[in-house]
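# Survey of secondary and tertiary structure
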Amino acid sequence: MSQEFFGFDIVLIVLAFLAILVIFAGVKTVPQGYNFTIERFGRYRKTLSPGLNFIIPFIDRIGHKLNMMEQVLDVPSQEVITQDNATVMVDGITFYQVLDAARAAYEVLGLQNAILNLTMTNIRSVMGSMALDELLSNRDEINTRLLHVVDAAAEPWGVKVTRIEIKDINPPKDLVDSMARQMKAERDKRASILEAEGKRQSEILKAEGQKQALILEAEGRKESAFRDAEARERAAEAEAKATQLVSEAIAGGNVQAINYFVATKYVEAFKELANSRNQKTLILPMEASALLGSLSGIGEIAKEAFGSASPEGGSSPAPRPGRVPSTGRPENDA
């Protein structure tokens, strides 16, 4: 009886152990960021998401474990011949993410290798259709074109190519030296053009300054001539007015006006003679006392003119008609 119970216990232990194995075989834990594909008798059945999952033990099994996070794929350096037959070494980097685990596992063999070769092929295709200058200056355009082409090609695999970046573009050394010489020549050309433009602008500004100076000088001469003409006109008007007044005085019988007029002209003539530029020695053709006599004659005219308005109210004696101011010369010389 004891042996029967002992054998029954062993069977229970074995069954419990098998139950535990079955439970462990049917429970699958998927880590975050991964998806597992489940195959039943070699055929895809479903995809396990992150967390605790159950499958049928010994019938279902895990087929592929796929990383669903964004991944980085380094593109090795390769030679690219540009449109203008320049050979450059190019490398890059590709970012992609698996969106559909089943398609990524069963639509393509070797997903990373397929994406890598697809990227390298399209790098040669896109960059080979561009000239070297465009290649060096339009990296953003190259990246955009590559991303569009590679992403469209990888879409059937359940993969999203999020970014493609060209890291380095290395032309040969002799080509780099030629580009450096070309750049230096271009900069020298620009410097010469700017220098010539600066000289031209300087000459233009100088000419404009001279033109403005001449215009201002002409304006000054014009204004001066106008002022001189106006002054002469005013002097002529004053002279005419004085002559008119003298003429009216003479017509009225005032002989002193004639004496004043003659004496004034006499003094002005001596003034012009004394102010002559070439005159170093002044030789008077008459006695110097004649000038003083003229001045005294003017004084007498002034006395006679203002004597009538004396404070006492008396009137001055009437001038003798026909009397000419004395010039200080003897009568026999007159």
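Here goes a summary of the coordinates provided. All values derive from a computational prediction rather than experimental measurement.

A separate point is the environment of Leu73. You can see Leu73 is positioned in strand 6 (residues 71-81). C-alpha separation for the pair Leu73 and Thr94, spaced 21 residues apart in sequence, amounts to 5.0 Å. Look past the residues within four positions of Leu73 in its chain and what remains in contact with it is Ile93, Thr94, Tyr96, Gln112, Ile115 and Leu116.

Our next topic: the sheet that holds strand 5 (residues 60-67). Strand-to-strand pairing in sheets goes through backbone hydrogen bonds, with the strands running parallel or antiparallel. Taken in spatial order, the 3 strands of this open sheet run 3-2-5, and their pairing is antiparallel. Two strands bound the open sheet, and with one partner strand each, they are strand 3 (43-48) and strand 5. Direction aside, the axes of adjacent strands within the sheet are offset by 30 degrees on average. As judged from the 5 bridges shared by strand 2 (residues 34-40) and strand 3, these two strands associate in the antiparallel manner. From the neighbouring strand, Ile38 faces strand 3, where its bridge partner is Lys46.

The next subject is the sheet that holds strand 6. Read from one edge of the open sheet, 3 strands run 6-7-8, paired in antiparallel fashion. Both outer strands of the open sheet, strand 6 and strand 8 (159-170), are each paired with one neighbouring strand and no more. Looking at each pair of strands side by side, their axes are set apart by 20 degrees on average, direction ignored. Both strand 7 (residues 87-98) and strand 8 contribute to a ladder of 10 bridges, which runs antiparallel. If you follow Gly92 over to strand 8, its bridge partner there is Ile166. The strands that helix 3 (residues 111-128) touches are strand 6, strand 7 and strand 8; relative to strand 6, the one it contacts most, it runs at about 35 degrees.

The subject of this paragraph is the packing of helix 3 against helix 5 (residues 139-154). Interaxial distance between helix 3 and helix 5 falls to 10 Å at its minimum, and their mutual angle equals 135 degrees. Our classification of the angle between helix 3 and helix 5 gives oblique. When you trace helix 3 past helix 5, the crossing you get is right-handed. Of the residues in helix 5, those in contact with Leu118, Thr119, Asn122, Ile123, Val126 and Met127 of helix 3 are Ile142, Arg145, Leu146, Val149, Val150, Ala153 and Ala154.

Thresholds applied
- Residue indices begin from 1 for each chain and proceed along its sequence in written order.
- Confidence filtering applies because this is a predicted model: local features only for residues at pLDDT of at least 70, side-chain atom pairs given and counted only at 80 or more, and all residues used for totals across whole chains, interfaces and linings.
- To get the side-chain values, all heavy atoms of the structure are used, and hydrogens and water are removed first.
- For the purposes of this entry, the term helix denotes a DSSP run of H or I that reaches at least four residues, the term strand denotes a run of E that reaches at least two, and both are numbered from the N terminus.
- The contact criterion used is simple: two residues touch if any of their non-hydrogen atoms lie within 4.5 Å.
- Note: two strands are recorded as paired if DSSP finds a minimum of 2 bridges between them.
- For helices, the axis comes from a line fit to the C-alpha atoms of the stretch in contact; other axes are also lines fit to C-alpha atoms, and the angle between any two N-to-C directions lies between 0 and 180 degrees.
- Comment on the angle field: the value is read as roughly parallel under 35 degrees, roughly antiparallel over 145, roughly perpendicular from 65 to 115, and oblique elsewhere.
- Crossing handedness: left-handed means the near helix sits turned counterclockwise from the far one by under a right angle, and right-handed means the same turn made clockwise.

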